[in-house]
Amino acid sequence: MTAEDFDEGLGHDAAAPVWTAFADLMAGLLGAFVLILVGVIGMQLELDTRLKTELARSQAQAKKLQTLEQALSGPLAAGRVTLTDGRIGISGSVLFAFNSNELQPEGRQLLQSLAGPLASYLQQREEILMVSGFTDDRQVRASNRQFADNWELSAQRALTVTRTLIEEGIPASAVFAAAFGSEQAVASNADAEGRARNRRVEIAPTPRPARTDSKPRD
């Protein structure tokens with residue numbers, strides 16, 4: 001073997017590890033690029049699914065509000081109720097005398113006018129009505145021994161409205177009562193106007209709870 005042949009052999013041996021390392025590097029970079037690409041595609045698909053879900057939810061909510069507005073067009077046009085984010089609001093002074101849970105004639109007439117449209121609305125949807133009672137933050141008068149506090153007053157008012165709706169044709173399985181007392185105020189309790197707005201009853205359609213049928217244990 002000549003000196004030239006020896007040097008040429010050394011050149012081939014030195015070049016081989018360089019190309020091997022370069023090939024390994026490129027393979028690693030390609031693998032990392034593929035992983036990043038897969039991750040980006042996955043995130044894009046997840047985002048697209050979320051957007052479609054949110055769009056479908058928004059469309060369903062808009063359709064629900066439109067259906068509710070149509071059902072309550074009469075009372076809404078007359079200004080006897082309000083409709084905010086799917087919640088039907090009724091002033092407490094329309095339904096009840098101050099610190100009372102007995103319906104006034106005007107309040108009963110109003111609930112009678114609401115019962116039919118609400119019953120028709122519920123027939124088309126898997127929803128039930130939550131009747132919520134609210135008060136201002138003034139304590140129940142000491143002379144009024146019928147209610148222990150605002151929680152009890154709001155609860156009794158919600159029950160009165162619930163029972164009246166049932167009497168007027170709403171299925172008992174499609175309505176329930178809730179009490180909030182002076183919580184969840186919609187106006188300041190610092191003046192008479194704000195307190196009057198806080199004394200209210202709201203009727204809100206909510207999704208019907210899923211039934212869980214379970215067999216009795218032996």
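What you are looking at is a predicted structure, and each value in this text was computed from that prediction instead of being measured.

*Asks:* So what's going on with the pattern of salt bridges? Which residues, and what values?
*Replies:* In total, this model carries six salt bridges according to the counting rule given. In this structure, Arg87 and Glu202 form a salt bridge, with 3.3 Å as the shortest nitrogen-oxygen distance. Taken together, the residues Arg87 in strand β2 (residues 87-91) and Glu202 in strand β5 (residues 200-207) connect sequence positions 115 residues apart. Since its relative accessible area comes to 33%, Arg87 is described here as partly exposed. Between Arg108 and Glu167 there is a salt bridge, with the nearest N and O atoms lying 3.6 Å from each other. Taken together, the positions of Arg108 in helix α4 (residues 105-123) and Glu167 in helix α5 (residues 150-167) put the pair 59 residues apart, joining distant regions of the chain. With a relative accessible area of 33%, Arg108 lands in the partly exposed category. One network of salt bridges, in which partners are shared, links Arg87, Arg200 and Glu202.

*Asks:* Could you give an account of the pairing of strand β3 (residues 127-134), naming the residues involved and the relevant values?
*Replies:* Burial analysis of β3 places seven of its eight residues in the buried class, which makes it a mostly covered element. In the sheet, β3 pairs with β5 via eight bridges, with the strands oriented antiparallel. Residue pairing across strands places Ile128 opposite Thr206, the latter belonging to β5. Here β3 runs beside strand β4 (residues 175-179); their pairing, made up of five bridges, is parallel. Note on β4: the bridge partner recorded for Leu129 is Val175.

What counts and what doesn't
- Residues numbered from 1 in each chain as written.
- Predicted model: local features only at pLDDT ≥ 70, side-chain atom pairs only at ≥ 80, totals over all residues.
- Heavy atoms only, no water.
- Salt bridge = Lys/Arg side-chain N within 4 Å of Asp/Glu carboxyl O.
- Helix = DSSP H or I, 4+ residues; strand = E, 2+ residues; numbered from the N terminus.
- Buried < 20%, exposed > 50% of the residue type's maximum accessible area, 1.4 Å probe, protein only.
- Pairing = 2+ DSSP bridges.

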